[in-house]
Amino acid sequence: MTTTRKPFSKDILHIENIDIVCNEIISKLKTDIAKTLQRRGAVIGISGGIDSSVCMALSAKAFGPNKVTAIMLPEQDSSDDSRMLAEKLAAKFEITDTIVEDITKALDGFGCYQRRDDAIGRVITNFDPTIDKAKIEIKQDAASNLPPAFSVTVIKPNGEVISKLLPVKEYLQIVASTNFKQRSRMSMLYYHAERLHYAVIGTPNKHEVEQGFFVKHGDGGADVMPIGHLYKTQVYQLARYLGVPQEIIDRTPTTDTYTAEQTQEDFFYQMPFEQMDLIWYGWENEYPANEVAKVMGRTPQYIENIYKNFERKRKTTEYLRMRPIF
Amino acid sequence: MQTETDTKTKIKNYIIESTFDDVEKIKDATLIFEEGILDSMGLLFLIEFLQEEFNLTTSDEELVVENFQSINSIIAFIESKM
């Protein structure tokens with residue numbers, strides 16, 4: 001018997017029966033938490049971003065708003081509107097148990113900021129962390145056949161931008177330092193989860209899980225990941241269906257990790273979500289590059305190169321998804 | 001003075017030592033990234049090795065596949081910077 005599959009199109013990821021899909025996720029969440037994990041509710045860290053918003057909405061519908069604790073975990077580099085949006089979100093889904101845990105002092109204790117700024121200062125010698133803003137980013141094209149390398153960019157108060165390719169030692173130190181943020185958040189979420197006998201809801205989407213855009217034992221540390229199988233455009237579709245506030249839907253996804261504005265596209269993905277979702281789907285489902293190229297208005301060679309980029313990312317981040325070996 | 005053969009040997013030894021791969025697997029024209037011998041961190045460590053061993057600084061613009069895809073390409077890149 002031969003199976004026919006849908007021809008590749010720009011609508012291929014559109015969820016037809018969004019109500020059914022949402023109900024399935026909600027029903028699975030209930031079973032996962034109550035039966036498999038044997039917990040009585042859910043703790044979720046909310047940032048004002050689309051992924052945590054959708055996870056919170058799903059949790060509120062699954063367990064009822066009084067069985068969900070929403071925790072905001074800002075630190076000194078968090079953007080000011082994150083907290084305002086997170087509060088608006090909690091109110092929208094009638095979650096009253098909202099807690100703000102500022103983790104700045106914990107991060108300071110770990111030396112997170114100092115270690116990060118020391119590494120940046122070794123590359124850009126006139127970096128002044130008290131007034132300058134900084135971020136790291138990938139500048140190469142996603143279709144390059146070479147793995148990406150990160151640059152550090154410092155923005156002076158007068159608007160001057162200084163950018164340099166990061167040597168490996170400094171790159172690793174910056175990443176290791178900033179990862180304290182996600183790991184401190186994870187510790188705080190588990191404190192509240194254990195205090196309440198709840199489970200921790202993880203918010204990564206399919207791209208974050210499979211391309212390794214998460215911190216091991218940080219935002220990757222959770223009990224359930226209800227949107228871990230969904231493409232980013234599908235997360236947006238759920239957000240609209242569930243009634244997530246429009247300001248959150250309209251907001252450009254950022255890492256909210258560095259002092260300078262940094263989109264997830266600059267930092268990691270190297271292309272817009274709409275494009276990445278479709279090409280990832282094509283790659284994962286083995287659509288020939290020329291079929292995807294036609295729909296995307298690209299050359300087959302470009303698509304082939306992106307396929308290789310995805311393959312490389314999945315392979316090099318395998319370590320993040322692995323359990324301890326014994 | 002360092003000959004091309006010396007440079008090639010140093011680079012090949014570096015790759016073998018850092019990847020634990022068999023020496024037979026890595027030829028001068030082997031596509032080291034395409035074949036998964038080095039990954040993205042491998043590229044960063046390779047750039048550091050070139051800096052420490054040959055005092056060669058790599059800029060953003062020079063991070064192109066033509067300069068790094070094989071030992072032959074790396075040799076050509078080093079020579080172009082001398």
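Residues numbered from 1 in each chain as written. Chains lettered and ligands numbered in written order. Predicted model: local features only at pLDDT ≥ 70, side-chain atom pairs only at ≥ 80, totals over all residues. Heavy atoms only, no water.

Residue and element names in this part refer to chain B. The contact between helix H1 (residues 4-19) and helix H4 (residues 71-81) brings their axes to 10 Å, and the two run at 130 degrees. On the basis of their axis angle, the class for H1 and H4 is oblique. For the pair H1 and H4, the sense of crossing is right-handed. Every residue of H4 that contacts H1 at Glu-4, Thr-7, Lys-8, Ile-11, Lys-12 and Ile-15 is listed here: Ile-71, Asn-72, Ile-74, Ile-75, Ile-78 and Glu-79. (Axes fitted to C-alpha atoms, helices over the stretch in contact; angles between N-to-C directions. Helix = DSSP H or I, 4+ residues; strand = E, 2+ residues; numbered from the N terminus. Parallel < 35°, antiparallel > 145°, perpendicular 65-115°, else oblique. Left-handed = near helix turned anticlockwise from the far one by under 90°. Contact = heavy atoms within 4.5 Å.)

Moving on to the nonpolar core. Residues and elements named next belong to chain B. Counting 45 residues, the largest nonpolar core has Ile-11, Leu-46, Leu-50 and Phe-68 as its most contacted members. Per-element accounting of this core gives the leading share, seven residues, to helix H2 (residues 40-54). Contact partners of Ile-11, with chain neighbours within four places excluded, come to Phe-49, Phe-54, Ile-71, Ile-74, Ile-75 and Ile-78. (Core = buried A, V, L, I, M, F, W, Y, C linked by side-chain atoms within 4.5 Å. Buried < 20%, exposed > 50% of the residue type's maximum accessible area, 1.4 Å probe, protein only.)

This paragraph deals with the packing of helix H5 (residues 112-123) of chain A against helix H6 (residues 168-196) of chain A. All names here are of chain A. For the pair H5 and H6, the least separation of the axes is 8 Å and the interaxial angle reads 160 degrees. Overall, the two elements H5 and H6 adopt an arrangement that is roughly antiparallel. The chirality of how H5 crosses H6 is left-handed. Contact residues: H5 offers Cys-112, Tyr-113, Arg-115, Arg-116, Asp-118, Ala-119, Ile-120, Arg-122 and Val-123, while H6 offers Glu-170, Gln-173, Ile-174, Ser-177, Thr-178, Phe-180 and Lys-181. Split by residue class, the contact of H5 with H6 holds seven nonpolar, three polar and six charged. (Nonpolar A, V, L, I, M, F, W, Y, C, P; charged D, E, K, R; others polar.)

With that out of the way, let us pick up the environment of Ile303(A). Considering the arrangement of structural elements, one finds Ile303(A) in helix H13 (residues 300-316). For Ile303(A), the residues in contact, after removing those within four places along its chain, are Ile279(A), Ala289(A), Val292(A), Ala293(A), Met296(A) and Arg298(A).

Turning our eyes to something else, we now look at the packing of aromatic side chains. Residue and element names in this part refer to chain A. Summed over all chains, the structure comprises eleven aromatic pairs over all chains. Taken together, Phe-8, Tyr-231, Tyr-281 and Tyr-287 form an aromatic cluster joined through their ring pairs. Across the ring face of Tyr-319, the terminal group of Lys-216 is positioned such that the distance to the ring centre comes to 4.1 Å. Over the face of the ring belonging to Phe-273 we find Lys-232, whose NZ or CZ atom lies 5.0 Å from the ring centre. (Phe/Tyr/Trp six-rings, centres within 6.5 Å; stacked < 30°, edge-to-face > 60°. Lys NZ or Arg CZ within 6 Å of the ring centre and 35° of its normal.)

On to the sheet that holds strand S1 (residues 42-45) of chain A. Residues and elements named next belong to chain A. Taken in spatial order, the four strands make up an open sheet running S3-S2-S1-S7, and their pairing is parallel. What marks the edges here is a single partner per strand, and that holds for strand S3 (98-100) and strand S7 (199-200). Bridge analysis of strand S2 (residues 68-72) against S3 gives three bridges, and the strand direction is parallel. Counterpart to Ala-70 in the pairing with S3 is Thr-98. The sheet contacts of helix H2 (residues 50-63) involve S1 and S2, and relative to S1 the element is tilted by about 165 degrees. (Pairing = 2+ DSSP bridges.)

Here the focus is unusual backbone geometry. Residues and elements named next belong to chain A. Backbone geometry at Gln-38 places phi at a positive 55 degrees, although glycine is not the residue there. Assignment of secondary structure puts Gln-38 in the loop between helix H1 (18-36) and S1. One non-glycine residue, His-197, adopts positive backbone phi at about 60 degrees. For His-197, the location among the structural elements is in the loop between H6 and S7.

Moving on: the interface of chain B and chain A. Contacts between the two partners involve 18 residues from chain B and, on the opposite side, 16 residues from chain A. Buried area between chain B and chain A, both sides added, is near 1,500 Å², and the carbon and sulfur share of it is 67%. One can count three salt bridges joining chain B with chain A. The salt bridge partner of Glu48(B) is Lys169(A), with a shortest N-O separation of 2.7 Å. Our count for the contact surface shared by chain B and chain A stands at three residue pairs in polar contact (both at pLDDT 80 or more). Those elements giving two or more residues to the side of chain B that touches chain A turn out to be H2 and helix H3 (65-68) of chain B. Looking at which element gives the most residues to the side of chain B that touches chain A, the answer is H2(B), with seven residues. Considering only residue class, the side of chain B that touches chain A consists of nine nonpolar, four polar and five charged. (Buried area = accessible area lost by both parts, 1.4 Å probe. Salt bridge = Lys/Arg side-chain N within 4 Å of Asp/Glu carboxyl O. Polar contact = N/O pair within 3.5 Å; in protein donor to acceptor, adjacent residues only side chain to side chain.)

Okay, H13(A) next. Given 3.6 residues per turn, any residue in an α-helix points the same way as the ones three and four places further on. Taking 1.5 Å per residue, 17 residues should reach 24 Å; H13(A) reaches 24 Å between its end C-alpha atoms and fits that length. Those residues of H13(A) not exposed but buried are Tyr302(A), Ile303(A), Asn305(A), Ile306(A), Tyr307(A), Asn309(A), Phe310(A), Arg312(A) and Lys313(A). (Expected span 1.5 Å × (residues − 1).)

Residue and element names in this part refer to chain A. Counted at 1.5 Å a residue, the expected span for H2 with its 14 residues is 20 Å, and the 20 Å between its end C-alpha atoms agrees. Most of H2 is tucked away, with 13 of its 14 residues classed as buried. One or two steps after H2, the chain reaches Gly-64, where phi turns positive at roughly 90 degrees.

This brings us to the pairing of strand S5 (residues 150-155) of chain A. All names here are of chain A. Most of S5 sits out of view: five of its six residues are buried. Taken together, the six bridges between strand S4 (residues 133-138) and S5 define a ladder with antiparallel strand orientation. Within S5, the residue paired with Lys-135 across the bridge is Thr-153. Here S5 runs beside strand S6 (residues 161-165); their pairing, made up of five bridges, is antiparallel. Residue pairing across strands places Thr-153 opposite Ser-163, the latter belonging to S6.

With that out of the way, let us pick up the domain arrangement of chain A. Residue and element names in this part refer to chain A. Domain parsing of chain A yields domain 1 (18-105 + 179-265), domain 2 (109-173) and domain 3 (271-326). Domain 1 and domain 3 are separated by 25 Å when their C-alpha centres are compared. Across the contact, 15 residues belong to domain 1 and 18 residues belong to domain 3. Of the roughly 1,500 Å² buried between domain 1 and domain 3, counting both surfaces, carbon and sulfur atoms make up 58%. At the boundary of domain 1 and domain 3, one finds two salt bridges. Note that Glu-284 and Lys-206 form a salt bridge whose closest N and O atoms lie 2.8 Å from each other. Between the two partners, domain 1 and domain 3, sit ten residue pairs in polar contact (both at pLDDT 80 or more). Counting only elements with at least two residues in the side of domain 1 that touches domain 3, the list comes to helix H7 (206-211), helix H8 (232-242) and helix H10 (264-269). Residue composition of the side of domain 1 that touches domain 3, by class: four nonpolar, six polar and five charged. (Domains from an automatic or database assignment.)

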